[in-house]
Amino acid sequence: MNGDKLKSWNDGPVKQSIINFLDSTVEEGLDYVKPEDRIATFDNDGTLWAEKPAPVQLNFLFLAFTKRVQNEPFLADKQPYKAILERDKIFFQNVIEQKPEAIIALEDVLAREWAGKTPDEFESEVKEFFATVKPEKFESNFTELIYKPMLVSCHRWEVLSVILDDLHKYHS
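Calculation criteria
Residues numbered from 1 in each chain as written. Predicted model: local features only at pLDDT ≥ 70, side-chain atom pairs only at ≥ 80, totals over all residues. Heavy atoms only, no water. Axes fitted to C-alpha atoms, helices over the stretch in contact; angles between N-to-C directions. Helix = DSSP H or I, 4+ residues; strand = E, 2+ residues; numbered from the N terminus. Parallel < 35°, antiparallel > 145°, perpendicular 65-115°, else oblique. Contact = heavy atoms within 4.5 Å. Nonpolar A, V, L, I, M, F, W, Y, C, P; charged D, E, K, R; others polar. Core = buried A, V, L, I, M, F, W, Y, C linked by side-chain atoms within 4.5 Å. Buried < 20%, exposed > 50% of the residue type's maximum accessible area, 1.4 Å probe, protein only. Phe/Tyr/Trp six-rings, centres within 6.5 Å; stacked < 30°, edge-to-face > 60°.

## Some details on the packing of helix H2 (residues 56-71) against helix H6 (residues 119-132)
- Remark: H2 packs on H6, axes separated minimally by 11 Å, with the N-to-C direction vectors making an angle of 105°. The angle between H2 and H6 falls in the class roughly perpendicular. Two secondary-structure elements touch here, H2 through Val56, Asn59, Phe60, Leu63 and Lys67 and H6 through Phe122, Glu125, Val126, Glu128, Phe129 and Phe130.
- A per-class count over the contact of H2 with H6 returns seven nonpolar, one polar and three charged.

Spelled out as structure tokens, the structure:
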């Protein structure tokens, strides 16, 4: 394999070990893997999402729940609406620890929030969220944010591209 395919990587032992591994699996030899036996598995481990101060998904949910309270003020005293409005760290710690009362409150609200909506209606809400909402700490939409772990993920995609090129080249 041509090492210049990982152009965004710094030269060093990690880059070289990836190149050596890939070379060894696509060239005849001890570690050769037949094209039909090659499998590449990648995990979206959170590096593609802005996670601070909260994961994007929670921002989406909290905004939806906050809008619900604005339309139905009596919900402000019920969990998890109350916890969201008050930024109740204890409630959210209970969610993290998967304490039944917190999980049940969250599940009930999740089920109720989108009950009766079509997938297209939900998709429309998500698109509006990503087009308009900016995290408190930033002046950009979520889709415009990037930070170092995301850049590392881009390196992974570069490796994936090299792998897929080799899979295609040797499997065609």
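## Let's talk about the nonpolar core
- With 21 residues, the main nonpolar core has Phe65, Tyr81, Phe91, Trp114, Phe129 and Phe142 as its most contacted residues.
- Broken down by secondary-structure element, the contributors of at least two residues to this core are H2, helix H3 (81-86), helix H4 (89-96) and helix H5 (100-113).
- Broken down by element, this core gets its largest block of residues, six residues, from H2.
- For phenylalanine 91, the contacting residues outside a window of four places in its chain are Gln79, Pro80, Ala83, Ala102 and Ala105.

## A look at the packing of aromatic side chains
- Enumeration over the complete set of coordinates arrives at nine aromatic pairs.
- Here phenylalanine 60 and tryptophan 114 contribute two aromatic rings whose centre-to-centre distance is 5.7 Å and whose plane-to-plane angle is 15°, an arrangement assigned as stacked. Of this pair, phenylalanine 60 sits in helix H2 while tryptophan 114 is found in the loop between H5 and H6, placing the two residues 54 residues apart along the sequence. With respect to burial, phenylalanine 60 and tryptophan 114 carry one shared label: buried.
- Measuring from ring centre to ring centre gives 5.2 Å for phenylalanine 129 and phenylalanine 130, while their planes differ by 80°; the resulting arrangement is edge-to-face.
- Chaining the aromatic ring pairs together yields one cluster made of Phe60, Phe65, Tyr81, Trp114, Phe122, Phe129 and Phe130.

As far as function goes, none of this settles anything; it's purely spatial.
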